[in-house]
Amino acid sequence: MHLVTAEEMRRLDRITIERLGIPAVALMENAGRAVAEEIIALCRRRGEGSTPLAAQALRDSAALRNAGAWAAHAPVAAPGFGTARNTAAGPALRGGNPGGALAAAPKLLISGDAALMAEHAEDEHWLVLVGKGNNGGDGLVAARYLSEAGIAVSLLYAVPPESLTGEAALQRDAAAAMGLPAAVHGGGRPDFAGYSGILDALLGTGAAGAPRGAYAELIAAANGSGKPVVSADIPSGLHADTGEMHEPCIQASLTVCLAFLKRGLLQYPGSGAAGRIVVRSIGIPAGLAREEGLSVYWLTPDVLEGVLDIDVSRRRVPDGHKGTYGHVLLAAGSLRMSGAGLIAARASLRAGCGLATWAVPGKLLPLLAGAAPELMLADAGGEADGTWNAAAAEEVLNLADKKDVLAVGPGIGRFEEDKEWLKRIWEGADCPLVVDADALNILAECDYGIWQGRREAVILTPHPGEMARLAGVSTKEVQRDRIGLALNYAREHGVVLVLKGAHTVIASPDGRIFVNTTGHPGMATGGAGDCLTGIIAGLLAQGLDGVQAAAFGVYLHGLAGERAALLRDDPASVIASDIIEAL
Ligand SMILES: NC(=O)C1=CN([C@@H]2O[C@H](COP(=O)(O)OP(=O)(O)OC[C@H]3O[C@@H](n4cnc5c(N)ncnc54)[C@H](O)[C@@H]3O)[C@@H](O)[C@H]2O)[C@@H](O)CC1
Ligand SMILES: [K+]
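What you see is a predicted model, and the numbers here were worked out from it, not measured in a lab.

Asks: Honestly, the site of ligand 1 in this entry has me stumped. Any pointers?
Replies: Contacts to ligand 1 come from 28 residues, most closely from Gly 133, Asn 134, Asn 135, Gly 204 and Gly 206. Sorting the residues of the shell around ligand 1 by element identifies α2 (24-45) and α8 (134-148) as the ones contributing at least two each. Examining the composition of the shell around ligand 1, we find that five residues originate from one element, α8, more than from any other. Partitioning the shell around ligand 1 into residue classes produces 13 nonpolar, 10 polar and five charged.

Asks: Explain the pairing of strand β7 (residues 254-258) to me, please; I cannot follow it from the model alone.
Replies: Every regular strand shows the same layout, with side chains that alternate between the two sheet faces. Within β7, five of the five residues are buried, which leaves the element mostly enclosed by the surrounding structure. Of the two faces of β7, the one carrying Leu 254, Val 256 and Leu 258 and the one carrying Thr 255 and Cys 257 are both buried. Where β7 meets strand β9 (residues 276-280), five bridges bridge the pair, whose relative direction is parallel. Along β9, the bridge assignment pairs Leu 254 with Arg 276.

Asks: Sorry, what's going on with the sheet that holds strand β5 (residues 197-201) here?
Replies: Sheet strands pair by backbone hydrogen bonding; their relative direction is either parallel or antiparallel. Strand order in the open sheet formed by seven strands is β4-β3-β2-β5-β6-β7-β9, and the pairing between neighbours is parallel. Strand pairing shows two members of the sheet lacking a second neighbour, β4 (182-184) and β9, which therefore form its edges. Direction aside, the axes of adjacent strands within the sheet are offset by 20 degrees on average. Summarising the sheet, strand β6 (residues 229-232) and β7 pair through three bridges and their orientation is parallel. Within β7, the residue paired with Val 230 across the bridge is Leu 254. Across the sheet, α2 is in contact with β2 (125-130), β5, β6, β7 and β9; its angle to β7 comes to roughly 155 degrees. Contacts between α8 and the sheet are confined to β2, β3 (152-157), β5 and β6, with β2 contributing the most and set at about 160 degrees to the helix.

Asks: Help me understand the pairing of strand β10 (residues 296-299) in this model?
Replies: Along β10, one buried face is formed by Val 296 and Trp 298 and the opposite face, lined by Tyr 297 and Leu 299, is buried too. Of the strand pairs in this sheet, β10 and strand β19 (residues 513-516) are connected by four bridges, and their pairing is parallel. Bridged to Leu 299 within β19 is Asn 516.

Asks: Got a minute to help me understand the domain arrangement of the protein in this structure?
Replies: Frequently, the measure chosen for interface size is the accessible area that the parts lose on association. Structurally, the protein comprises domain 1 (3-73 + 119-289) and domain 2 (305-582). Each of domain 1 and domain 2 has a C-alpha centre, and the two are 40 Å apart. Between domain 1 and domain 2, the contact holds 14 residues from the first and 17 residues from the second. The element best represented in the side of domain 1 that touches domain 2 is helix α3 (residues 53-66), accounting for six residues. For the side of domain 1 that touches domain 2, the class distribution of residues is seven nonpolar, four polar and three charged.

Conventions we followed
Residue indices follow the written sequence of each chain, beginning from 1 at its first position. The lettering of chains begins at A and the numbering of ligands begins at 1, in the order of writing. Totals for whole chains, interfaces and linings use all residues, but because this is a predicted model, local features are given only for residues with pLDDT of at least 70 and pairs of side-chain atoms are given and counted only at 80 or more. What makes a residue near a molecule or strand is its C-beta atom, placed from the backbone, lying within 6 Å of it. Strands here mean DSSP runs of E at least two residues long; helices mean DSSP runs of H or I at least four residues long; both are numbered from the N terminus. Amino acids are sorted into nonpolar (Ala, Val, Leu, Ile, Met, Phe, Trp, Tyr, Cys and Pro), charged (Asp, Glu, Lys and Arg) and polar (every other residue, Gly among them). Residues with at least 20 other C-beta atoms within 10 Å of their own are called buried, those with 12 or fewer are called exposed, and the rest are partly exposed. The C-beta atoms themselves are positioned from the backbone. A strand pair is defined by DSSP finding two or more bridges across the two strands. In this analysis, axes come from line fits to C-alpha atoms, helices being fitted only over the stretch in contact, and the angle between any two N-to-C directions falls in the range 0 to 180 degrees. Contact between residues is assigned whenever the C-beta positions, reconstructed from backbone atoms, fall within 7 Å. Each domain's extent was defined by an automatic or database domain assignment.

Below, the structure is given as structure tokens:
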């Protein structure tokens, strides 16, 4: 599914209302009802016993990956629906009995409103914090449905209710007509001790800047209350586009995101403020986003197949041989960091390439013989102490002849003439190039301009520190807007950029962006990045293009990490070799 900015969300709202003729108040009704349903589900789950944190985090990761699968599937035309009416249903209406339906007794299906009844409702009393805009309107709708489910609700307006306008004013009146108790925040720090939960409907995608006045006071009070806070659409105080947290910002335990995932929810630190995220449809067709040319995607299996056109089953042809699946050349490792090269090379084989050759400074060859029997080793020359030099670039280029991909960087360290080394490889390698680790640091010190015009794809895989050096900004600035920065860099330099970190961002020079859904914090371990480089190289060797290999590689890497954590029963104990084994 798509990840949208606040501005894009407004556009999709407007199109739905104006072009499709669905009134804004209907969208708000759907939104508020969805929020209420999630709160009711939360009330039901309360007291069911907790799941160990690590296992829960992994489950959440999988759930979020699949979140909004409904949205990715645009309403499908039911094949043959019309004919069904004219045939199967026809005879039945005329008294026929097709398919032996005689025995079918009337069934009572409990669904819809009846299913909304909350268990343990008598223990619950929710406070709804209501802002002036449509986010507040969503909260007012939710309050009605909570009350219908038997849950006590009170409203606390951040501003005098008379100041609400449009659909939100209509919801204010409906809530009042229903007799829901309401008050207006009178300043200071209110005490929320008597409530079992708080619905944050203060600010949504229309917020501008840090929360002010009553909004700020209510957010601080909610955060200090120790009560579970559910946010409607986004936590109030979160920058919907960048994930920056204003001061103050709601710390939610659940965010019910409406219609489309907002970019800020998937970028840290904002991602940490949102708690669990559930995406709910409100009647805005998912297909509108693509029609409108939006190009930032949440990297789900649907997107891998439908947008990136990848055969995720990775079928092999029955008469294939090792030559069918490509040959990776890796220039990596040095005396003190040979393991990085080994990890990357082994990962490329596990990713399915037919052959992998690992080029190292010659001094290392005797030490590495037999380290991984499936690998071919090659002498790249280099210095007597096992480090690289500029002349070794020529050896690498000779070896790269007839290879399908060249990956450089893991464990090479810095060395004299390293800029010359990289320049020769960049200009001379006639195959896709994956650049990682110290090769990125070298790149950051070079005049990029002289290197334009490579015919084959270049994939850069920086972590935030390396990205900061490449872009000439601070790491903090990189993290402030990872999607925006990755997009600009990839476009400007004509490269595929993989900005690593929680929710790795993959940016294509054509403007498409993919935000990864797999992985967990246990993957923050030495060698995990080398492993990713190997996987991407292995996929490129099998014929995927740059952005396909980068996106699929990142996705598989995270999934393997999740699997490794489950196998070891603990994310924190995962090491890079486990990720390779789990592939
Ligand atoms: N058709 C639509 O536009 C729909 C919008 N929906 C909801 O509406 C939200 C967007 O609504 P709005 O555009 O009305 O905006 P918001 O409800 O996010 O808030 C805007 C209002 O908050 C106040 N405000 C803004 N920044 C502030 C700050 N820093 N400190 C204090 N007060 C501030 C202003 O009075 C402004 O009018 C979405 O997040 C979603 O929850 C849903 O109801 C579904 C349909
Ligand atoms: K909110």
